[in-house]
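Remarks on the overall topology
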Amino acid sequence: MKTTYREAMRNALRDALQSDERVFLMGEDVGRYGGCYAVSKGLLQEFGEARIRDTPLSESAFVGAGIGAALGGMRPIVEVMTVNFSLLCLDQIVNTAATLRHMSGGQFNVPVVLRMTTGAGRQLAAQHSHSLECWYAHVPGLRVIAPATLEDMRGMLALALEDPDPVILFEHNALYNMEGELDESLPVTELRRAAVRRGGEDISLITYGGNLPKTLQAAEQLAQEGISAEVVDLRSLRPLDEKTILASVRKTRRAVMVDEGWRSGSLAAEIGMRIAEQAFYDLDAPLSRVCTAEVPIPYARHLEQAALPQAETIAATAREAMARNV
Amino acid sequence: MTDKPSQIGRKQGLRWLRDMTRIRRMEEQCAELYGQEKIRGFLHLYIGEEAVAAGCIPELDKDDAVVATYREHGHALMRGIAMDAILAEMYGKREGCSGGRGGSMHLFDAATRFYGGNAIVSGGLPLAVGLALADKMQQRPGVTACFFGEGAVAEGEFHESLNLAALWQLPVLFVCENNLYAMGTALARSESVTDIHQKAAAYGIFSAAVDGMDVMSVNTAMRDAVRRVREQRVPAFLEMRTYRFRAHSMFDPELYRSKEEVEQWKQLCPIATLSARLQAQQLLDRPGLEAIEKDVAEEIRAATTFAEAGHWEPQEDLMKDVYTGRE
């Protein structure tokens, strides 16, 4: 079936609302406006004001209310327009949602799902374009997932809702308009497992979310040059599926991490370190990475594009890794 | 402020006296145990403010929810958490009400719907709004009572939460314990408008200021407010004007207020004044008072023994309860 990422998520939301009375969606502009990225368009008419709740621009209050509602037996899906705005509710997510189970000695769990867009590429400038997924992936008590395919966009929400713990679901804004064939016959995606999106023998390209299409494009270019790149899609940023990552790297013996976060303290750094810790002697070349330049994302298109990982830079970095031998 | 009610019934009066005495003596024991290094971390005592917890919490039903702050020992005790489990928690023992994971600032209890124990100022307010939202959406009759200090009023979350509660007409009762000092900062040094209940009125929420040193005034106001929230399914707001006799925490040298001021407020001690009124009404005599103190001392002795005898959680369980399932 031909569909977009946006429609895939909308269908996932509709399914969730239909299948469980406890599920409701709240956030800024999710109702009357139809969602800032039009993901929830039509759901208000279908499910009514009680279950598709427009909130004030009060991130801390409505995310905290989502946490409280989850404690009270509901299954809230809370949409925060972008990860940039989520800094206004960082306290509720990090100090409350992530800690309650542990601090209460296991008495309370928080089954809330937080949806946020992330990433750059739409000339929205610095305050709407950042990729801060790794900040959340840093925090014990949270689960962090990032769908990168239509099937994952369609399937991950249901899995997140089944999870008894707080889950943050990152949707890259550049994916929404992309169209493709959605394979509905595939089994439900597994939240915790990384997926090998393209098999290869020479080098592992490890990425997630909005950078998967660019990485696959780079792999295609490399294939034409005779380099067989394996593309690993993390899917889950916390916990990381080390098993799949290490299996791929042990096979190809080279790895490039592709991450739209800034290089310093990035997920790419974390993954590189884990590979160094556990598969150092399996490597045939130094590890390398393609990250966003260490700059607040600029507005001007050419500068924005220059700051971000691109298929060309990914392919170039892979070629360099192929040329180096330890 | 509401008028001070005149006549106290015997049973109710003695109950309040016993409850407030339990809170105070338990906390005096905590201070003692802190000195002995049995209790560590931050310890925020409620001494002086007992009338609020004792007057408010018994007005809630068992299915209602309570959200409190880091100065919550009294609320926890009034909610029915055993003194044993509270003291064991402060020791960090497995038998504590949070399994030794929370300590003084993070008392939790699922059985009594006690949701903290929140050490982030105003962090509990959005949570309370959400608990009330869950009650509303599931058409349950519950009330969520949220206790916080006047320091929380300066946080954005206070305003966001009041707005949301009023906008969505949620059954949440905000109880501000205004003890005049946010840590060491006096109210007048941190707020442009110090009449706090007016802030709630600005959101269209019913609100009242209450003499928080008088348990009967507290109780009367609480009973009315709970009824309003339960029956009308709307938020309400009470500002309890109270005072803590001790420092903010055990690390506070209290350089921000005068001894004279503290002494003046001590004249309003909710326990001493109630005791005097009961005696004046001839509802309590010397032996009666001694009997209460004796019972409470026995409860504290037993709770301390329980905490002492408790167990340290095995270190192998360190990673337990970070996630509900496997990571």
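The structure displayed is predicted, hence computed values, not measured ones.

Our focus in this paragraph is the pairing of strand β3 (residues 172-178) of chain B. Residues and elements named next belong to chain B. Of all the seven residues making up β3, seven are buried; the element is thus mostly covered by neighbouring parts of the structure. Residues V172, F174, C176 and N178 point to one face of β3 and L173, V175 and E177 to the other, with burial holding for every one of them. As paired strands, strand β2 (residues 144-149) and β3 are joined by six bridges and run parallel to one another. Within β3, the residue paired with C146 across the bridge is F174. Crossover connection from β2 via helix α6 (residues 156-167) to parallel β3: handedness right-handed. As defined by bridge partners, β3 adjoins strand β7 (residues 236-241) across six bridges and the pair is classed as parallel. Within the sheet, the bridge partner assigned to F174 lies in β7 and is F237.

Moving on, we get to the sheet that holds β2(B). Residue and element names in this part refer to chain B. Across the sheet, which stays open at both edges, the five strands sit in the order β1-β2-β3-β7-β6 with parallel pairing between neighbours. Of all strands in the sheet, those bounded by a partner on one side alone are β1 (65-67) and β6 (206-211). Across the sheet, the mean angle separating the axes of adjacent strands is 15° when strand polarity is ignored. The pairing of β6 with β7 spans six bridges and is classified as parallel. In the sheet register, S207 faces β7, and the bridge partner there is F237.

When its volume is computed, the largest pocket comes out at roughly 520 Å³. If you trace the largest pocket, you find 34 residues lining it, with Y70(B), R71(B), V121(B), M183(B) and H248(B) closest to the centre. Where the lining of the largest pocket is concerned, the elements lending two or more residues are α5 (124-137), β2 and β4 (181-182) of chain B. A per-element tally of the lining of the largest pocket places β2(B) first, with four residues. Looking at the lining of the largest pocket, its residues break down into 17 nonpolar, twelve polar and five charged. As for the second largest pocket, its lining consists of 22 residues, and the residues nearest its centre are D15(A), R154(A), G155(A), A158(A) and V188(A).

Core analysis: the largest hydrophobic core is formed by 88 residues, its most contacted members being I206(A), I275(A), F174(B) and F237(B). It is α5(B) that contributes the most residues to this core, nine residues altogether. Those residues in contact with I206(A), other than ones at most four positions away along the chain, are V232(A), L234(A), I245(A), V249(A), A255(A), V256(A), M257(A), V258(A), I271(A) and I275(A). I8(B), L43(B), F147(B) and L289(B) belong to the second-largest nonpolar core, a separate cluster that totals 73 residues.

With that out of the way, let us pick up the environment of D91(A). Along the chain, the position of D91(A) falls in helix α4 (residues 90-97). A sequence separation of 27 residues divides D91(A) from G64(A), and the C-alpha atoms of the two residues are 8.9 Å apart. For D91(A), the residues in contact, after removing those within four places along its chain, are T96(A), I120(B), G123(B) and E157(B).

Below, the discussion takes up unusual backbone geometry. Residues R238(A) and P239(A) are joined by a peptide bond in cis, for which omega reads -5°. Here P239(A) is to be found in the loop between β12 (236-238) and α9 (242-252). For A125(A), which is not a glycine, the phi torsion comes out positive at approximately 65°. Note that A125(A) resides in the loop between β5 (113-118) and α6 (133-137). Residue classification places A125(A) among the partly exposed positions, given a relative accessible area of 24%. Positioned with a positive phi, Q282(B) is a non-glycine residue whose angle comes to about 60°. Looking at the element boundaries, Q282(B) is found in the loop between α11 (270-280) and α12 (286-309).

Residue and element names in this part refer to chain A. The topology assignment puts L240 in the loop between β12 and α9. The buried category is assigned to L240, whose relative accessible area is 13%. Sequence separation between L240 and V144 is 96 residues, and the spatial gap between their C-alpha atoms is 9.3 Å.

Further remarks concern the interface of chain B and chain A. Every contact between the two is made by 39 residues of chain B and, on the other side, 47 residues of chain A. For the pair chain B and chain A, the summed buried surface comes to about 3,500 Å²; carbon and sulfur atoms form 60% of the total. Taken as a group, M137(B), D321(B) and Y323(B) account for 18% of the area that chain B buries against chain A, more than any other trio of residues on that side. Counting every contact that joins chain B to chain A gives one salt bridge. The salt bridge involving D321(B) is made with R101(A); its shortest N-O contact spans 3.0 Å. Linking chain B with chain A are 20 residue pairs in polar contact (both at pLDDT 80 or more), by the criterion used here. At the level of elements, α5 and α6 of chain B are the ones that each hand at least two residues to the side of chain B that touches chain A. When residues of the side of chain B that touches chain A are assigned to their parent elements, the largest contribution, eight residues, is made by α5(B). Partitioned by chemical class, the residues of the side of chain B that touches chain A number 19 nonpolar, ten polar and ten charged.

Calculation criteria
- Residues numbered from 1 in each chain as written.
- Chains lettered and ligands numbered in written order.
- Predicted model: local features only at pLDDT ≥ 70, side-chain atom pairs only at ≥ 80, totals over all residues.
- Heavy atoms only, no water.
- Buried < 20%, exposed > 50% of the residue type's maximum accessible area, 1.4 Å probe, protein only.
- Helix = DSSP H or I, 4+ residues; strand = E, 2+ residues; numbered from the N terminus.
- Pairing = 2+ DSSP bridges.
- Right-handed = clockwise from strand over helix to strand, strands pointing away.
- Axes fitted to C-alpha atoms, helices over the stretch in contact; angles between N-to-C directions.
- 1 Å grid on protein atoms, 1.4 Å probe; cavity = no way out; pocket = protein on both sides within 12 Å on 5 of 7 lines; lining within 4 Å.
- Points joined across faces, edges and corners; volume = space filled by probe spheres on them.
- Nonpolar A, V, L, I, M, F, W, Y, C, P; charged D, E, K, R; others polar.
- Core = buried A, V, L, I, M, F, W, Y, C linked by side-chain atoms within 4.5 Å.
- Contact = heavy atoms within 4.5 Å.
- Buried area = accessible area lost by both parts, 1.4 Å probe.
- Salt bridge = Lys/Arg side-chain N within 4 Å of Asp/Glu carboxyl O.
- Polar contact = N/O pair within 3.5 Å; in protein donor to acceptor, adjacent residues only side chain to side chain.

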